[in-house]
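Letter by letter, the chains look like this.
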Amino acid sequence: MALSKRKKEFENLVDKKKAYTLREAIEVLKQAPKTKFDQTVEISFKVNVDIKETSVSVRGTVSLPHGTGKTRRIAVFCKGEDERKAKAAGADFVGADDLVKKVTEGWCDFDVAIATPDMMKDMGRLGKVLGPRGLMPNPKAGTVTTDVEKAIQEVKKGKIEFKMDKQSNIHAMIGKLSFDTKSLIENGTELIESVERARPHTVKGIFMKNMSISSTMGPGLRLDLANWRK
C-alpha cells in the first residue's frame, strides 16, 4: 500500500513525455516523498559505443566541486615510506603483502583502492576480486601513483571515477538529495562535461543517446540532451 501511494505521488510529479533541464529535474526529485535516509542522486548515460564491435571504452575521473556527501573508505597498497604518508593523509587501510593477502582471502571492505606502481605486480593477483567491483587501481583514474598523499586528498575532496559498462551505460553519483539545488547542479554539470570530454575519437555522430537523473528511492527523469543547462 505504501509503495502504491508513493508511486502515485511520483506519477503526479513526473511528466514522462518531457525532457528536463538539470535544474528542473533536481527540483522534482526534491519534491518527491521523503525517506528516512539521505538518498543518493545519480546521473545515468547511454552512449553511442558498441563494446561488441570495438575495444574502445569510455572512462574518466571528475572532481565534484561539492564532494559526494559520502564518506568513502580508502585502501592504499604501498610499501615503506609511502605507508607512513598514506596513514598520515587519512587512508583507512594501508599495507603491502599483508593487505594483498587479506583481499585474496575475500576481504573487500573499502570503496576506493590506490596503489603505488611497485605494488602493481602483486595487485595482478587481485584482478578477479577487485575488477568486477570496479575497484582495481588504474593509472588513468589516478589510483596508480607515486604520490599517494595527493590521490587520497583528491578522493576525500570528491574525486570519483566513471566507466562505461558492457551495455554502454555510465552511472555516477553527484551527491546527496540533502545538498542544496545549486550544489547538485554544479556537481551534475561537472560530471556531464567530463563524460562529454571522454568521448572517444572513433565515435561518429551522436555520442550521448540519452541521459537521466534519479535518486535512490525517487523517480527517474529524462534530461534534455540539447538544453540540460537551461
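Next up on the list: the sheet that holds strand β3 (residues 74-77). Strand order in the open sheet formed by three strands is β4-β3-β5, with parallel pairing between adjacent strands. Edge positions in the sheet fall to β4 (93-95) and β5 (112-115), since each has one partner strand and no second. The average angle at which neighbouring strand axes cross in this sheet is 15°, direction not considered.

The next thing to look at is helix α7 (residues 148-157). Three- or four-residue spacings in an α-helix give side chains the same orientation, since the helix completes a turn every 3.6 residues. Every buried residue belonging to α7 is among Val148, Ala151, Ile152 and Val155, and all of these are buried. For α7, the angular spread of buried residues about the axis comes to 100°, placing them on one side. Two residues or fewer after α7 comes Gly158, characterised by a positive phi angle close to 120°.

Ranked by size, the top nonpolar core spans 36 residues in total, and within it Leu22, Ile43, Phe45, Leu191 and Ile213 carry the most contacts. Where this core is concerned, the elements lending two or more residues are α2 (22-31), β1 (40-47), β6 (159-163), β7 (169-176), α8 (181-197) and β8 (208-215). In this view, Leu22 contacts Ile43, Ile185, Gly188, Thr189, Ile192, Ile213, Leu223 and Trp228; residues no more than four positions away in its chain are not counted. Formed by 17 residues, the second largest nonpolar core is a distinct cluster that contains Val103, Trp107, Leu126 and Leu130.

Analysis parameters
Residues numbered from 1 in each chain as written. Predicted model: local features only at pLDDT ≥ 70, side-chain atom pairs only at ≥ 80, totals over all residues. Heavy atoms only, no water. Pairing = 2+ DSSP bridges. Helix = DSSP H or I, 4+ residues; strand = E, 2+ residues; numbered from the N terminus. Axes fitted to C-alpha atoms, helices over the stretch in contact; angles between N-to-C directions. Buried < 20%, exposed > 50% of the residue type's maximum accessible area, 1.4 Å probe, protein only. Arc of directions from axis to C-beta. Core = buried A, V, L, I, M, F, W, Y, C linked by side-chain atoms within 4.5 Å. Contact = heavy atoms within 4.5 Å.

Scope: geometric values only; no functional claims are made or implied.
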